[in-house]
Amino acid sequence: MQPRDARKLSAEALEDLRRRVVAAVESGVPQGEAAYLFGVSRQTVSAWVRAYRRQGDDALRPRRRGRRPGDKLALSCAQQLWAVRTLATHTPEEVGLHHSLWSRQALAELIRHRFHMTLSTSTIRNYLIRWGLLVDASLLDRLRSPQTLPTDHMSAADEPGTPAHPRTSGAEALWTGWVRMDRRLWAPLGMEAAPTHEVHPFFLFAVSSRGAVSFIPTADPYDGAHLRDFFDRLTRHYGRRLTIVHGWPPRYRADLLSVWMVMNAGTVSVEVAGVTALTGTQGDVSLPNRAE
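None of the values given here were measured: they were computed from a predicted structure.

## Thoughts on the pairing of strand E6 (residues 242-246)
In step 1: Most of E6 is tucked away: five of the five residues are buried.
In step 2: Alternating residues of E6 divide into Leu242, Ile244 and His246 and Thr243 and Val245, and every residue in both groups is buried.
In step 3: Both strand E3 (residues 172-180) and E6 contribute to a ladder of four bridges, which runs parallel. Across the sheet, residue Glu172 finds its bridge partner in E6, namely Leu242.

Structure representation (structure tokens):
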């Protein structure tokens, strides 16, 4: 008789089969004969009987099937946790990479250097989605929707009467947003048990017209100094003229961003979108409190 594949049975049917096999062996039926009678392998009968004798009745009850979070993935939970914490606490330069911003390519390089493991950019993208750092596949379409088209240029001094920057001719278009970290997505990796006082709660990101995503951790997406650093990194990252379609004005230290815009007026144009529908977590447009 060909042994049946017990893995294809329902949880209830499998428990019933285990109980009948173990009861037969415990009543004196040899394991080999029990295997033949019930259509399972001798190894399976032996494993069930050993488990029953060690753990009792609990060993016969069905266990939850499926893999635990992180199992059977290229990166272990510990490796994923290290990668997430690195993204949330460091810029690429701070960990020895020659990148101004985090991107799929930069993260792939980080993992290759740290774990001697080569991952495709599509695999990296899946990890970013898994970690809540890449919102979804329709991100660019949402950023470019009519509700988020630019309605005005951000003025150089952010004061009435100050001429706005003209759209930079032939420039690469970028759409910006921010996302709040959702540590609930990281709980399976052990993030809750790890110290988080150095972890920035937000990420600033930009999406190009080709769908390339680059991002950086930040303590406050409404701080003009942080936005200035982000925009400066974008110019270095792309190395060409840019038109940045930005979703919100800074709440404080706006003068630092304004000075930077004046100094880079020939290569960068910043346009303010009409609404801030994409400046929070998915389905959440609440604004953060200022980080002290």
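From this point, the discussion proceeds with the structure in view.
## A closer look at helix H3 (residues 42-55)
In step 1: Under the 1.5 Å per step criterion, the end-to-end length of H3 is 20 Å for 14 residues, consistent within 8% with the ideal 20 Å.
In step 2: Taken residue by residue, H3 has Val45, Ser46, Trp48, Val49 and Ala51 as its buried positions.
In step 3: Gly56 sits one or two positions beyond H3 and adopts a positive phi of about 75°.

## Section: the nonpolar core
In step 1: Grouped together as the largest cluster of nonpolar side chains are 48 residues, with contacts concentrated most on Leu87, Trp131 and Leu234.
In step 2: If you look at the next biggest cluster of nonpolar residues, it comprises 15 residues, including Leu14, Val22, Val25 and Val45.

## With respect to the confidence of the model for the chain
In step 1: Of all residues in the chain, 68% attain a pLDDT of 70 or more, and the chain-wide mean is 75.
In step 2: Contacts of residues 146-166 to residues separated by more than four positions or lying in other chains number 59 contacts, the stretch itself having pLDDT below 50.
In step 3: Of the regions scoring below 50 in pLDDT, residues 274-292 engages in 43 contacts with residues more than four places distant in sequence or in other chains.

## What to know about the packing of helix H1 (residues 11-26) against helix H2 (residues 31-38)
In step 1: Axis separation between H1 and H2 bottoms out at 9 Å; the angle between their running directions is 145°. Classified by chirality, the crossing of H2 by H1 is right-handed. Here H1 contributes Leu17, Arg20, Val21, Ala24 and Val25 to the contact with H2, which in turn contributes Gln31, Ala34 and Phe38.
In step 2: Partitioning the contact of H1 with H2 into residue classes produces six nonpolar, one polar and one charged.

Scoring rules and cut-offs
- Residues numbered from 1 in each chain as written.
- Predicted model: local features only at pLDDT ≥ 70, side-chain atom pairs only at ≥ 80, totals over all residues.
- Heavy atoms only, no water.
- Buried < 20%, exposed > 50% of the residue type's maximum accessible area, 1.4 Å probe, protein only.
- Helix = DSSP H or I, 4+ residues; strand = E, 2+ residues; numbered from the N terminus.
- Pairing = 2+ DSSP bridges.
- Expected span 1.5 Å × (residues − 1).
- Core = buried A, V, L, I, M, F, W, Y, C linked by side-chain atoms within 4.5 Å.
- pLDDT = per-residue confidence, 0-100.
- Contact = heavy atoms within 4.5 Å.
- Axes fitted to C-alpha atoms, helices over the stretch in contact; angles between N-to-C directions.
- Left-handed = near helix turned anticlockwise from the far one by under 90°.
- Nonpolar A, V, L, I, M, F, W, Y, C, P; charged D, E, K, R; others polar.

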